[in-house]
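Understanding the architecture of this molecule
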Amino acid sequence: PMRMGVGSALKRARDSVFSRDRSREELKIGIAGFYDRSSKLWEDVWGEHMHHGYYIPEDRTDHQQAQVDLIDEVLKWSGADEGKKPERVVDVGCGIGGSSRHIARKYGCTAKGITLSPYQANRGNELAAEQGLADKTSFQVADALDMPFEDNSFDLVWSLESGEHMPDKKQFVNEVMRVVEPGGRVIIVTWVHRDLAPDETSLKKKELKLLSKINRSYYLPPWCSTDDYIKLLEEAGAENIKREDWSYIIAPFWKAVIKSSLNLRSVWGLLRSGFSTQRGAYAMLLMLRGFHNGTIKFGLLTATKKEE
């Protein structure tokens with residue numbers, strides 16, 4: 001057993017050095033483990049929202065409010081605030097449920113959240129009970145590529161910074177479109193790589209190298225572009241598709257996270273949280289580089305399902 005343990009550790013180290021792509025099963029196990037281990041540290045330092053903030057003005061320092069503002073600004077941008085308010089929401093890749101609870105309070109609707117991490121699902125339900133929202137929100141372990149919901153179950157499907165984890169983007173978009181009702185809205189906010197120029201067939205070699213390093217750290221499969229998402233949405237029967245690049249709005253967030261991770265409590269937490277969380281912290285610098293050189297974009301997409 002000892003030799004097997006050393007062998008698998010060596011294999012992981014070799015794969016890491018060469019930034020090898022992980023299989024779908026490896027990704028699933030890795031994502032769950034990564035978030036099981038890192039979510040408590042994140043919550044201790046940053047609170048219940050596990051996503052970027054809205055940095056207008058860009059020098060704002062009320063970081064947790066910036067994260068709440070991002071949810072509200074995305075909803076407003078998408079058109080979800082107009083007309084009939086959402087009543088049944090699903091949060092795909094829900095973290096510890098920050099978005100779900102905020103949306104449930106905002107609209108008085110119900111929200112279900114799914115995550116691959118048992119820690120996150122349990123913590124989401126704990127926080128819902130603490131905040132008096134247990135009757136409105138619930139969280140469970142489920143795979144976004146095979147959601148445990150009937151067709152046409154929700155009038156709003158919300159996916160904030162989880163699309164990048166999906167190893168099969170086509171299946172992800174198809175599932176999102178399956179569970180939304182006709183006339184219902186889908187919102188996908190995700191990291192993407194830049195759109196390719198008409199004469200390009202792929203990203204440049206050094207761009208691919210940067211992304212594969214980030215992939216190893218965050219348990220991500222190969223990336224796609226906003227253009228790719230639009231094609232998939234069209235194929236899945238979406239209409240009223242709208243897109244936007246908010247890279248410049250969220251870029252200051254990475255600097256703030258890096259800065260916050262330099263205080264003593266965060267450094268101690270990081271040292272105790274294990275290698276994959278530490279590697280994730282290093283990858284923040286790579287993310288910042290990707291945003292600055294234009295390889296990485298923060299893509300917003302919204303669409304509605306055709307009325308039958």
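Our subject is the structure that appears above.
Structure report, in brief. Computed from a predicted structure; not experimentally measured.

Looking at helix α2 (residues 24-46)
At Ser38, α2 shows its strongest bend, of approximately 40 degrees. Within α2, the full set of buried residues consists of Leu27, Gly30, Ile31, Ala32, Gly33, Phe34, Ser38, Ser39, Leu41, Trp42, Glu43 and Trp46. Backbone geometry just after α2 places Gly47 at a positive phi near 95 degrees.

Quick look at the packing of aromatic side chains
On inspection of all chains with the given rule, the structure shows five aromatic pairs. Ring centres of Phe149 and Phe154 lie 5.1 Å apart, and the angle between their planes is 85 degrees; this geometry places the pair in the edge-to-face category. Looking at Phe149, the relative accessible area reads 9%, which means it is buried. Three or more aromatic residues link up through ring pairs in this structure, and these residues are Trp191, Tyr218 and Trp223. Note that Lys242 overlies the ring of Trp77, its terminal NZ or CZ placed 4.7 Å from the centroid.

Looking at the sheet that holds strand β2 (residues 110-115)
Reading across the sheet, the seven strands line up as β3-β2-β1-β4-β5-β7-β6 and stay open at both edges, with mixed pairing between neighbours. The two strands at the open ends of the sheet, each matched to only one other strand, are β3 (137-141) and β6 (238-245). Averaged over all adjacent pairs, the angle separating strand axes in this sheet is 15 degrees, with direction ignored. Against the sheet, helix α5 (residues 118-130) contacts β2 and β3, and its axis sits at roughly 165 degrees relative to β3.

Some details on the packing of α2 against helix α3 (residues 63-78)
Running from amino to carboxyl end, α2 crosses α3 at an angle of 110 degrees, the nearest separation of the two axes being 10 Å. Taken together, the axes of α2 and α3 are roughly perpendicular relative to one another. Taking contact as the criterion, the partners of Trp42, Val45 and Trp46 in α2 are, on α3, His63, Gln64 and Gln67. Residue composition of the contact of α2 with α3, grouped by class: three nonpolar, three polar and no charged.

Looking at the packing of α3 against helix α4 (residues 98-107)
Where α3 meets α4, the axes come as close as 11 Å, and the angle between the chain directions of the two elements is 60 degrees. One finds that α3 runs oblique with respect to α4. As α3 packs across α4, the resulting crossing turns out to be right-handed. When α3 is examined against α4, the residues Val68, Ile71, Asp72 and Leu75 are found in contact with a partner set consisting of Ser99, His102, Ile103, Lys106 and Tyr107. Of the residues contributing to the contact of α3 with α4, the split by class is five nonpolar, two polar and two charged.

What counts, and at which threshold
Residues numbered from 1 in each chain as written. Predicted model: local features only at pLDDT ≥ 70, side-chain atom pairs only at ≥ 80, totals over all residues. Heavy atoms only, no water. Bend = angle between axes of the 7 residues up to and from the residue. Helix = DSSP H or I, 4+ residues; strand = E, 2+ residues; numbered from the N terminus. Buried < 20%, exposed > 50% of the residue type's maximum accessible area, 1.4 Å probe, protein only. Phe/Tyr/Trp six-rings, centres within 6.5 Å; stacked < 30°, edge-to-face > 60°. Lys NZ or Arg CZ within 6 Å of the ring centre and 35° of its normal. Pairing = 2+ DSSP bridges. Axes fitted to C-alpha atoms, helices over the stretch in contact; angles between N-to-C directions. Contact = heavy atoms within 4.5 Å. Parallel < 35°, antiparallel > 145°, perpendicular 65-115°, else oblique. Nonpolar A, V, L, I, M, F, W, Y, C, P; charged D, E, K, R; others polar. Left-handed = near helix turned anticlockwise from the far one by under 90°.

In short, the description is geometric, and any link to function would need to be established separately.
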